[in-house]
Amino acid sequence: MVGGGGVGGVGGGGLLENANPLIYQRSGERPVTAGEEDEQVPDSIDAREIFDLIRSINDPEHPLTLEELNVVEQVRVQVSDPESTVAVAFTPTIPHCSMATLIGLSIKVKLLRSLPQRFKMDVHITPGTHASEHAVNKQLADKERVAAALENTHLLEVVNQCLSARP
């Protein structure tokens, strides 16, 4: 772990809530096996594949990824391909993080855009890590609220910035 600050970030100017977050080392890339390259072999979706989808999402406040801030970890991803379920617990960097809903929404949108429609997704805050975890989790679990949020042009633009590759 290395202490580090950041300015700028996806959200833009203003004071940072967590001006000096801990920065964690990224995990290595997953080696691709011969079986995964064989298009004739059915390839089930596993926790590492989901983690690989969300690890590079940009934090809305810092010029760092959710993995680098330890907001997402592979151990907090659960997948059942046969049951078509994915659960992701994420951990905000501070207990009063005002960006928690936006981070959860970004994770959810990334999964919605990347996974087959058969999957049911549960994106939630790691229990005990945020002051408003119940309220944030309720918003993220409400399909109508998520759909309404994504109709907001400004909010969708911010989510897309979180999901875009850094230059």
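Residues numbered from 1 in each chain as written. Predicted model: local features only at pLDDT ≥ 70, side-chain atom pairs only at ≥ 80, totals over all residues. Heavy atoms only, no water.

Participant: Account for the overall build of the protein chain, with residues named and values stated.
Facilitator: Regarding its fold elements, the protein chain presents 6 helices and 5 strands. Considering the protein chain as a whole, with its 167 residues, one finds that 40% of them fall into the buried category. The contacts in the protein chain between residues at least 6 apart in sequence include a share of 63% that link residues at least 24 apart. Carbon and sulfur atoms provide 53% of the accessible area of the protein chain, an area that totals close to 9,500 Å². (Helix = DSSP H or I, 4+ residues; strand = E, 2+ residues; numbered from the N terminus. Buried < 20%, exposed > 50% of the residue type's maximum accessible area, 1.4 Å probe, protein only. Contact = heavy atoms within 4.5 Å. Areas by Shrake-Rupley, 256 points an atom, 1.4 Å probe, with all protein chains shown as cover.)

Participant: Please set out unusual backbone geometry residue by residue, giving values where relevant.
Facilitator: Despite not being glycine, Asn70 has its phi angle at roughly 65°, a positive value. A relative accessible area of 23% places Asn70 in the partly exposed class. At Ser84, a residue that is not glycine, the phi angle is positive and equals roughly 55°. Here Ser84 lies in the loop between strand S3 (77–80) and strand S4 (85–90). For Ser84, a relative accessible area of 11% translates into the label buried.

Participant: Break down the pairing of strand S5 (residues 120–125) for me, with residues and values.
Facilitator: Where S4 and S5 come together, 6 bridges link them in parallel fashion. Residue Phe90 lies in a different strand from S5, and its bridge partner there is Ile125. (Pairing = 2+ DSSP bridges.)

Participant: I'd like a rundown of the confidence of the model for the protein chain, residues and numbers included.
Facilitator: In the predicted model, the protein chain carries a mean pLDDT of 85, and the fraction of residues at 70 or more is 74%. For residues 1–13, every residue scores under 50 in pLDDT, and the model assigns this stretch 36 contacts once sequence neighbours within four places are set aside. (pLDDT = per-residue confidence, 0-100.)

Participant: Break down the nonpolar core for me, citing the residues and quoting the values.
Facilitator: Counting residues in hydrophobic clusters, the biggest one holds 34 residues, and the most contacted among them are Phe90, Ile107 and Leu111. Secondary structure elements with two or more residues in this core: helix H2 (47–54), S4, helix H3 (100–114), S5, helix H4 (133–141), helix H5 (143–151) and helix H6 (153–163). The biggest single contributor to this core is H3, with 7 residues. Ignoring anything within four residues of it in the chain, the contact list for Phe90 reads Val71, Val72, Ala100, Ile103, Gly104, Ile107, Val123, His124, Ile125, Thr126, Thr129 and Leu140. (Core = buried A, V, L, I, M, F, W, Y, C linked by side-chain atoms within 4.5 Å.)

Participant: Account for the pairing of S4, naming residues and giving values.
Facilitator: Within S4, 5 of the 6 residues are buried, leaving the element largely enclosed by the surrounding structure. Alignment of S3 against S4, held across 4 bridges, turns out to be antiparallel. Among the inter-strand pairings, Val79 is bridged to a residue of S4, identified as Val86. Here S3 folds back onto S4 in antiparallel fashion, the turn holding 4 residues, of which Ser84 has a positive phi close to 55°. The handedness of the S4 to S5 crossover, carried by H3, is right-handed. (Right-handed = clockwise from strand over helix to strand, strands pointing away.)

Participant: Mind laying out the sheet that holds S4, listing which residues take part and the relevant values?
Facilitator: Read across the sheet, 3 strands follow the order S3-S4-S5 without closing on themselves; strand pairing throughout is mixed. The sheet is open, and its two borders are formed by S3 and S5, each paired with just one other strand. Across this sheet, the average inter-strand angle for adjacent strands is 10°, counted without regard to direction. Sitting on the sheet, H2 is in contact with S3 and S4, with an inclination near 130° to S3. Each of S4 and S5 is contacted by H4, which is oriented at about 160° to S5, the strand it contacts most. (Axes fitted to C-alpha atoms, helices over the stretch in contact; angles between N-to-C directions.)

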